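Residue-level structural notes
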Amino acid sequence: MSEQTPATPQGSGLEAAGQNPVIETKTGMWGGASGSSDTSGYNGLTRLIEMPGDSSRPYGGWFDAVADRMAELVPGFSAGLTLVDRGEITFFVLPGKLLELAEALRDDEKLRFESCSCLTCVHYPQMTGAELHVVYNMLSYTHNRRIRLEVALADPEDQHPHLPSVVSVYPHADWQEREAWDMFGVIFDGHPALTRILMPDDWQGHPQRKDYPLGGIPVEYKGAVVAPPDQRRSYN
């Protein structure tokens, strides 16, 4: 992994996806293919799931003060999108500014986000140029505040996407970055030991991506082999 040359992102990927990218088109009551499994009678329903547009100022409460301080300490960190929804704020961050911003969030006395309480990833295959979103939930014990950082990455077919590791700032992100690598295939440059944490070391693919096959993967558990869904017992 360390021998691969990381792609140098020119932006967040959101530029390619547009300001209101379509995340998913759902059909039917349950979002499936509206086949025989949809017995709701709503199999003709079609819904577009879109990312909201950029929120306008003022954001409200302490959100504006935090946003201003972040921009003051790390100019140009924003990928051009800030979302305020249901009492939560999400800052989309340029990959190249992530590590600098993490240090400022932790160390500045007006911010003091001492903990990256959760680091995860989401796969949006329909968002061309911004398919993988790495999400950081930040917690300030000092000020009792929470914010979210999100970095959108392009997902090239011939290599894994790269992002700077924040382990040097938040050591407890070590296993969280390993899980994001294991499940989604994001390489965190500078991680001390980026190995799989849930799947075997020789496992092929990243199981929580939406293009990963559902079933049909030969899995052995205590001598028993789990068959693909279409080969299991039928209840009809």
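Quantities reported herein were computed from a predicted structural model and do not represent experimental measurements. (Residues numbered from 1 in each chain as written. Predicted model: local features only at pLDDT ≥ 70, side-chain atom pairs only at ≥ 80, totals over all residues. Heavy atoms only, no water.)

What about the overall build of the protein?
If you tally the helices and strands in the protein, you get 4 helices and 11 strands. A total of 236 residues make up the protein; the buried ones form 39% of that total. Taking the intrachain contacts of the protein between residues at least 6 apart in sequence as the baseline, contacts between residues at least 24 apart amount to 55%. When the accessible area of the protein is evaluated, it comes to approximately 13400 Å², of which 51% is carbon and sulfur surface. (Helix = DSSP H or I, 4+ residues; strand = E, 2+ residues; numbered from the N terminus. Buried < 20%, exposed > 50% of the residue type's maximum accessible area, 1.4 Å probe, protein only. Contact = heavy atoms within 4.5 Å. Areas by Shrake-Rupley, 256 points an atom, 1.4 Å probe, with all protein chains shown as cover.)

Quick notes on helix H3 (residues 98–107)
Every buried residue belonging to H3 is among Leu98, Leu101, Ala102, Ala104 and Leu105, and all of these are buried. Seen from one end, H3 has its buried residues packed into an arc of 165 degrees, which puts them on one side. Close packing links the buried residues of H3 with helix H2 (63–73), strand S4 (88–93), strand S6 (132–140), strand S7 (145–153) and strand S8 (162–164). (Arc of directions from axis to C-beta.)

Describing helix H4 (residues 174–184)
For H4, the complete set of buried residues consists of Gln176, Glu177, Ala180, Trp181, Asp182, Met183 and Phe184. Residues of H4 that are buried in the fold lie against strand S5 (115–123), S6, S8 and strand S9 (187–189). Directly beyond the C-terminal end of H4, a positive phi value near 90 degrees is found at Gly185.

Describing the nonpolar core
Most often, soluble globular proteins keep nonpolar side chains buried together rather than apart. Among the nonpolar cores identified, the biggest contains 41 residues, and Met70, Leu105, Tyr136, Ile147, Leu149 and Tyr170 are the most heavily contacted of them. Listed by contribution, the elements that provide at least two residues to this core are H2, S4, H3, S5, S6, S7, H4 and S9. In terms of residue count, the dominant contributor to this core is H3 (5 residues). Leave out the neighbours within four places in its chain, and Leu149 touches Met70, Phe91, Val93, Leu98, Leu101, Leu105, Val134, Val135, Tyr136 and Met138. Of all hydrophobic cores here, the second largest spans 10 residues; its members include Met51, Leu81, Phe92 and Tyr124. (Core = buried A, V, L, I, M, F, W, Y, C linked by side-chain atoms within 4.5 Å.)

Thoughts on the packing of aromatic side chains
The geometry of two aromatic rings is summed up by the distance between their centres and the angle between their planes. Scanning all chains against the criterion turns up 2 aromatic pairs. For the ring pair Trp62 and Phe63, a centre distance of 4.6 Å and an interplane angle of 85 degrees mean the geometry is edge-to-face. Assessed through its relative accessible area of 8%, Phe63 is described here as buried. Aromatic pair Phe77 and Phe91: ring centres 6.2 Å apart, planes at 65 degrees, arrangement edge-to-face. Remark: Phe91 occurs in strand S4 and Phe77 occurs in the loop between H2 and strand S3 (78–85); sequence separation between them is 14 residues. (Phe/Tyr/Trp six-rings, centres within 6.5 Å; stacked < 30°, edge-to-face > 60°.)

Focus: the side chain of His133
Along the chain, His133 falls in strand S6. Overall, the relative accessible area of 0% leaves His133 in the buried class. A polar contact of 3.0 Å, which involves the side chain of His133, links it to the backbone oxygen of Ala130. At a separation of 2.7 Å, a polar atom in the side chain of His133 contacts the side chain of Glu150. His133 has contacts with Met51, Phe92, Thr120, Cys121, Val122, Tyr124, Met127, Glu150, Val151 and Ala152, leaving out every residue within four places of it along the chain. (Polar contact = N/O pair within 3.5 Å; in protein donor to acceptor, adjacent residues only side chain to side chain.)

Some thoughts on the sheet that holds S6
One open sheet holds the 5 strands; their spatial order is S3-S4-S7-S6-S5, and the pairing between them is mixed. Lying at the two open borders of the sheet, with one neighbouring strand each, are S3 and S5. In this sheet, neighbouring strand axes are inclined to one another by 20 degrees on average, regardless of whether the strands run parallel or antiparallel. On top of the sheet, H3 reaches S4, S6 and S7; it is set at about 175 degrees to S7, its chief contact. Most of the contacts of H4 go to S5, to which it runs at about 5 degrees, and overall it touches S5 and S6. (Pairing = 2+ DSSP bridges. Axes fitted to C-alpha atoms, helices over the stretch in contact; angles between N-to-C directions.)

Some remarks on the confidence of the model for the protein
In the predicted model, the protein carries a mean pLDDT of 84, and the fraction of residues at 70 or more is 75%. In this model residues 1–10 is a low-confidence stretch, pLDDT under 50, and it forms 14 contacts with partners more than four residues away in sequence or in other chains. (pLDDT = per-residue confidence, 0-100.)

Focus on the environment of Val84
In this structure, Val84 sits in strand S3. The exposure class assigned to Val84 is partly exposed, which follows from its relative accessible area of 27%. Along the chain, Val84 and Ser56 lie 28 residues apart, while their C-alpha atoms are 8.8 Å from each other. Leave out the neighbours within four places in its chain, and Val84 touches Ser55, Tyr59, Phe63 and Ile89.

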